[in-house]
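What follows is each chain in one-letter form.
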Amino acid sequence: MRARIDEIVFDCHDPARLVRFWAGLLGGDPVDRSDDWSYIDPPEFARVAFQRVPEGKTVKNRLHLDLDAGDIDAAADEAAALGAERVGAIVTDDHGRFLVMRDPEGNEFCFVAGTDG
């Protein structure tokens, strides 16, 4: 049996804040289903949702999103204006370039360019 991704869910403290951050970054409309659950109504991708959990983030993510960005610096500046922070400098390796970022609750994600998968 093959399955497809229906939804990617982030545990978080403030679903309403994160849905607006990620909707600003990815596009789509932020939807607050309840105080404990928000999601992006996506134009072209699996739904991204945010679920309130009582415990805070204490360790590095086990999963992160890589976002294709032709201009990593410009994408990082836009993300920072929405509340993200850079983690280090842009890295160039045999597969392309990437920059690690953190969203407003500290969840890591990367902007990538020129990667071959």
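Parameters at a glance
- Each residue is numbered by its place in its chain's sequence as written, counting from 1.
- Owing to the predicted nature of the model, reporting of local features is limited to residues with pLDDT of at least 70; listing and counting of side-chain atom pairs is limited to 80 or more, with chain, interface and lining totals taken over all residues.
- Side-chain measures were taken over the full set of non-hydrogen atoms in the model, leaving aside hydrogen atoms and water.
- Every helix listed is a DSSP run of H or I at least four residues long, and every strand listed is a run of E at least two residues long, numbered separately from the N terminus.
- A helix is expected to span 1.5 Å for every residue after the first.
- When accessible area is computed with a 1.4 Å probe and restricted to protein chains, residues below 20% of their type maximum are described as buried, those above 50% as exposed, and intermediate ones as partly exposed.
- When a carboxyl oxygen of Asp or Glu lies within 4 Å of a side-chain nitrogen of Lys or Arg, that pair is called a salt bridge.

Student: How would you explain helix H1 (residues 15-26) if you had to name every residue and give the values?
Tutor: Its 12 residues place the ends of H1 16 Å apart at the C-alpha level, agreeing with the 16 Å of an ideal helix rising 1.5 Å per residue. Looking at H1, one finds that the buried residues are Pro15, Leu18, Val19, Phe21, Trp22 and Ala23. With its phi angle positive at about 90 degrees, Gly27 sits one or two positions after the end of H1.

Student: So what's going on with the pattern of salt bridges? Which residues, and what values?
Tutor: This structure, assessed with the given rule, holds 7 salt bridges. With its nearest N and O atoms 2.7 Å apart, the salt bridge here joins Arg52 to Asp36. Residue Arg52 is found in strand E4 (residues 47-52), and its partner Asp36 is found in the loop between strand E2 (29-34) and strand E3 (37-41); the two are separated by 16 residues along the sequence. Judged by relative accessible area, which is 32%, Arg52 ranks as partly exposed. Between Arg86 and Asp73 there is a salt bridge whose closest N-O contact spans 3.4 Å. Of this pair, Arg86 sits in strand E6 (residues 85-93) while Asp73 sits in helix H2 (residues 72-82), and the two are 13 residues apart along the sequence. With a relative accessible area of 36%, Arg86 lands in the partly exposed category. Judged by relative accessible area, which is 37%, Asp73 ranks as partly exposed. Look at the salt bridges and you will find they share partners, linking Asp6, Glu7 and Arg47 into a network.

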